[in-house]
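# Close look at the chain arrangement
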Amino acid sequence: MSPSVPGRSLAAIALTLPAALLLAAAPAAAADETAAAAPAGTSVAAPAYSLDATVSPAPMTAAACSADPSCVAAPAPRGGTADDYSALNQAITAAAARTRPAVLAADGTVITPPVTATVLLRAGAYRLTKGLKLPPDVDLRGAGIAATSLVVDPTVNWKNFSYSFLVRPADTKEAGSTNLVADLTVNGNCRTGAGAPEPAALPGRPGETCDFRTALGTNDSTGGGIAAGDRWTIRQVRFTNFEYFKLWISGTTGVRVVDNRFDNWGGAESDGEDNIGGGGRNDGTVIERNQYDATARGNFFDFTNAIRTTVRDNVVHTTREVAAARGVTEYGNLYFEGVAGATVTGNVLEGSHIVLQSNARYSHVNPNKDVTQPRDTIVAGNRILDSATVGVAVGYEDYLDADGTGGTIGGWDDASTDTADHVVRPGGGNVIRGNVIERPRQSGILVYGNAAVKDTADTIAGNEIRNAGYGGSTTYNTGVGWFDTAGIGLATGTGDVISGNAVIDDQARPTTWYGVQLGARKNATAPAGTVLSGNTTTGIIAAPVRTAALAPEAPAGLATTPAALTWNESYATGNAIAGYRVYRDGALAADLPVGSAEVPGNLLDADAASLESATAGTAGWTAGTGAKVSRTDVAGAVGGASLQLTAAGSGQLSAYSRKVPVTAGATYTSVGSFQAGAAGRKVRAGLAFTDAAGKVTRLATSNTATVDPATGWVTSSYSAAAPAGAVTVQAMLLVEGAVPGETHLLDRLGLVTGTATEQWTDPAGRASSYQVVAYRAGSGDNSAVSTF
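Let me sum up the structure you'll find in this document. Residue positions within a chain follow its written sequence, with the count starting from 1. Selection of residues for local features in this predicted model requires a pLDDT of at least 70, selection of side-chain atom pairs for listing and counting requires 80 or more, and totals for whole chains, interfaces and linings are taken over all residues. With hydrogens and water excluded, all non-hydrogen atoms of the structure serve as input to the side-chain values.

### Re the environment of leucine 592
What counts here: Under the DSSP-based scheme used, a helix requires at least four consecutive residues in state H or I and a strand at least two consecutive residues in state E, with every element numbered from the N terminus.
Its location among the elements puts leucine 592 in strand β52 (residues 587–592). Between the alpha carbons of leucine 592 and alanine 774 there is a distance of 9.4 Å; along the sequence they are 182 residues apart.

Structure representation (structure tokens):
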């Protein structure tokens, strides 16, 4: 994005794309699937925010300037509301006259370095009604980060700052030139007169519009901080109180951003633009040892279309109190959108996270007509604490052209010339290594998206993920499938390596369900050939590895009675439901291989009890056409006797319960567990309603489940409202594809008013929270989690 394009932060102007192709910038938590917060283990806090320099030299002194023939001492600020633009512009012009350009060889190497000049600002606040333009090789230095400030004054003509900045490059470029901006504060005057270097826990009037927008009617992109040019260094600069981007880096080469500070102290506030933003295929930018205070606003960093970016050793603070005051869930994040060959190391992030994704989410015109996937980026040695979502997210996404196809594969130097097509530069080869991620509200690391635009395996190695899901959701949607809380989740790619990672949950009430999740639920594709080695898990709830592509739906309708917990049967996806697991405060409390021993509120309880008697016969059950029903003493799904259904012919077998009176419009549910006498049979539950005239309406689920002797017992259920005129209802249980003479067992037979057909009573008494999952026949994979 260019600052000449109206809009908000880089991450906020995305298009709405088809869910099959587009991923959320960060997965959003399902609002009704949250886990209670639990006390976390101790960890080392992020270093405190401070204006003190860490690697910068001391500010230039007036004496040093006087002794340097290339230095121009600017006059002191005039004070009050006086405009200092003319005086500073004259000083810059005088300094430019003392420079000499570099001498370059034909291949671009420097033969003689440039002679640079300096404008030294004095202590105090300079008010500017126009932005300053720095010519090549002219440095701008202040008396100290808290001593000198440049302040936006939009009152004379605010359009001088529309989509523009306090300091920016002059319109001419010079090969090999350098510039330095150092040792001062830039202040956007969003809160009039605010922004003094006075520590604060909250910004001034959090989240409200900048004062001058209301007073002067300005647009929402007025008054940015610094726009960098080629080979600029921005060092020991404090950015505060801005409406527009604080630091903009676009289309540049070799910019260095070192030891700067971003805050809204002293009653200041900013709009939501990025603190360090830009892109424009900038090359070789280095962003290091900067600090972002919890009062700052917007993403710490967001580049779109860039290469060889280095972001290292920065410290970012956020707090939930500031986020809540602004009505947002998170801020301070690092976004690499369409960035290749980046290095992201040694950063400490408190409450924020790192996202690698393509630029497909922007308007599909230049510079974002062509799409670059995240590629060859190293994310290593970072410490990510208390992220509001995931710790590190890697998303692969493209968009569809008018003909319904994705982009044509190309490289970094390829550009589309066809108005009906675009170039997509494939991603992969990213390395996420040696990071410590503590207490993310979702998973620690997620890789997801469109497999067609990822052509190289990623590596996730040697990371420590601790207490994933802390205070957050148990399941969340990426836009291309659902993840459950895991240390690491991988949904796309071939041959990806996940090795040597440690997934730890040391809470009294654990929130991490899995070590590694392979495949996203509700997504047709899954990763292939993934290499898992040397990963360890400690204290997690469920399993070290979870495959999720065909996981059943989570149990619904969770409720409590004075004596028990109840829920509905889960909906199977591809494989039948084999049972349920109940967890008490994150620890397994019960495994119900088919379901609860008793169906709660069973209208057929008397029949079920009499089935256990050797003289009771079939306890009110009758067979449909082509079948006969009998009782057998073979152990059933929940012990005791079972109903036996024998095929007299081929095709569908059915069994019906006795008739039970109904209320028209009320909901009824039938349930039964099946064990096949032959492989590959389909089973399903249904209801048969009869009206006063004897007309029967038969309804059954279309979600058939395969069942065979090796699989064991599986369950099916069906719910429907009694139609008008109905007077009775029967449970109807069906077996499809039978052949003459074969037998099938039915047990745990139920018919209830409502939908709850499962229950469990805690023998230890009521706990503070419970989690319930359904699991598949065969693989045993869990559903998503439902929480009481």
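### Some points on the nonpolar core
We count it as follows: Residue types Ala, Val, Leu, Ile, Met, Phe, Trp, Tyr and Cys, when buried and joined through side-chain atoms within 4.5 Å, form a set referred to as a nonpolar core. A simple rule labels every residue: compare its accessible area, found with a 1.4 Å probe on the protein chains alone, to the largest value its type can have, and call it buried under 20%, exposed over 50%, or partly exposed in between. When checking whether two residues touch, look at their non-hydrogen atoms; a contact exists if any pair is within 4.5 Å.
Counting 82 residues, the largest nonpolar core has Leu150, Ile226, Ile276, Phe336 and Ile354 as its most contacted members. By residue number, the principal contributor to this core is helix α2 (residues 85–96), which donates 5 residues. Not counting residues up to four positions away in its chain, the partners in contact with isoleucine 226 are Phe165, Val167, Val181, Val186, Trp232, Ile234, Val237, Phe239, Lys246, Leu247 and Trp248. Counting residues in each nonpolar core, the second largest holds 34 residues, with Ala627, Ala722, Leu746 and Tyr775 among its members.

### Focus on the layout of surface pockets
For clarity, the threshold we go by: For cavity detection a 1 Å grid was placed over the protein atoms alone, and a set of points counts as a cavity when a 1.4 Å probe fits there but cannot get out; an open set counts as a pocket when protein lies on both sides within 12 Å along at least five of seven lines, with lining residues being those that have an atom within 4 Å of a point. Grid points are joined across faces, edges and corners, and a volume is the space filled by probe spheres set on the points. Three residue categories are used. Nonpolar comprises Ala, Val, Leu, Ile, Met, Phe, Trp, Tyr, Cys and Pro, charged comprises Asp, Glu, Lys and Arg, and polar comprises the others, including Gly.
What the largest pocket holds in volume is close to 430 Å³. As for the largest pocket, its lining consists of 27 residues, of which Pro169, Ala170, Lys173, Ala228 and Gly229 are closest to the centre. Among the secondary structure elements, those contributing two or more residues to the lining of the largest pocket are β10 (165–169) and β14 (247–250). The biggest single contributor to the lining of the largest pocket is β10, with 3 residues. Among the residues making up the lining of the largest pocket, the classes are represented as 12 nonpolar, 9 polar and 6 charged.

### Section: α2
Our working definition: By this rule, a helix spans an expected 1.5 Å times one less than how many residues it contains. The directions from the helix axis to the C-beta atoms are what the arc is built from.
Helix length check: α2 (12 residues) gives 16 Å between terminal C-alpha atoms against 16 Å at 1.5 Å per residue, within 8%. Buried within α2 are the following residues: Tyr85, Leu88, Ala91, Ile92 and Ala95. Seen along its axis, α2 keeps its buried residues to an arc of 135°; they face one direction. Exposed residues on α2 whose side chains face more than 90 degrees from its buried face are Gln90 and Thr93.

### Digging into the pattern of salt bridges
Put simply, the test is: Counted as salt bridges are all cases of a side-chain nitrogen of Lys or Arg within 4 Å of a carboxyl oxygen of Asp or Glu.
Within the structure shown, the criterion is met by 34 salt bridges. With a shortest N-O distance of 2.6 Å, lysine 454 and aspartate 496 are connected by a salt bridge. Of the two residues, lysine 454 sits in strand β37 (residues 454–456) while aspartate 496 sits in the loop between β42 (486–490) and β43 (497–499), which places them 42 residues apart along the sequence. Overall, the relative accessible area of 2% leaves aspartate 496 in the buried class. Where aspartate 585 meets arginine 509, a salt bridge forms, and the shortest distance between an N and an O atom there is 3.9 Å.

### Brief notes about the sheet that holds strand β31 (residues 408–409)
As a reminder of what qualifies: Whether two strands pair depends on DSSP finding at least two bridges between them.
The strand order across the open sheet built from 3 strands is β27-β32-β31, with neighbouring strands paired in parallel fashion. A strand with exactly one partner marks an edge of an open sheet, and here the two such strands are β27 (371–372) and β31. Bridge count between β27 and strand β32 (residues 423–425): 2 bridges; the pairing is parallel. Within β32, the residue paired with threonine 372 across the bridge is arginine 425.

### Overview of the sheet that holds strand β49 (residues 559–560)
Pairing is antiparallel across the open sheet formed by 3 strands, whose spatial order is β49-β50-β65. Of all the strands in the sheet, the pair left with one neighbour each is β49 and β65 (756–760). Two strands pair when backbone bridges link them, and β49 and strand β50 (residues 565–568) are joined in this way by 2 bridges, in the antiparallel orientation. Each residue of the ladder has a partner; that of alanine 559, found in β50, is threonine 566.

### Here's the deal with the state of the cysteines
The criterion, for reference: Disulfide: a pair of cysteine sulfur atoms within 2.5 Å of each other.
Under the criterion given, the structure shown has 2 disulfides. Between the sulfur atoms of cysteine 65 and its disulfide mate cysteine 71 the distance is 2.0 Å. Judged by the sign of its S-S torsion, about -95°, the cystine formed by cysteine 65 and cysteine 71 is left-handed. Owing to a relative accessible area of 4%, cysteine 65 belongs among the buried residues under this scheme. Put simply, cysteine 190 and cysteine 210 are joined by a disulfide, and their sulfur atoms are 2.1 Å apart. Around the S-S axis, the bridge from cysteine 190 to cysteine 210 shows a dihedral of about -95° and counts as left-handed. One end of the pair, cysteine 190, is in the loop between β11 (179–187) and α3 (211–216); the other, cysteine 210, is in the loop between β11 and α3, and 20 residues separate them in sequence. The class for cysteine 190 is buried, based on a relative accessible area of 0%. Overall, the relative accessible area of 1% leaves cysteine 210 in the buried class.

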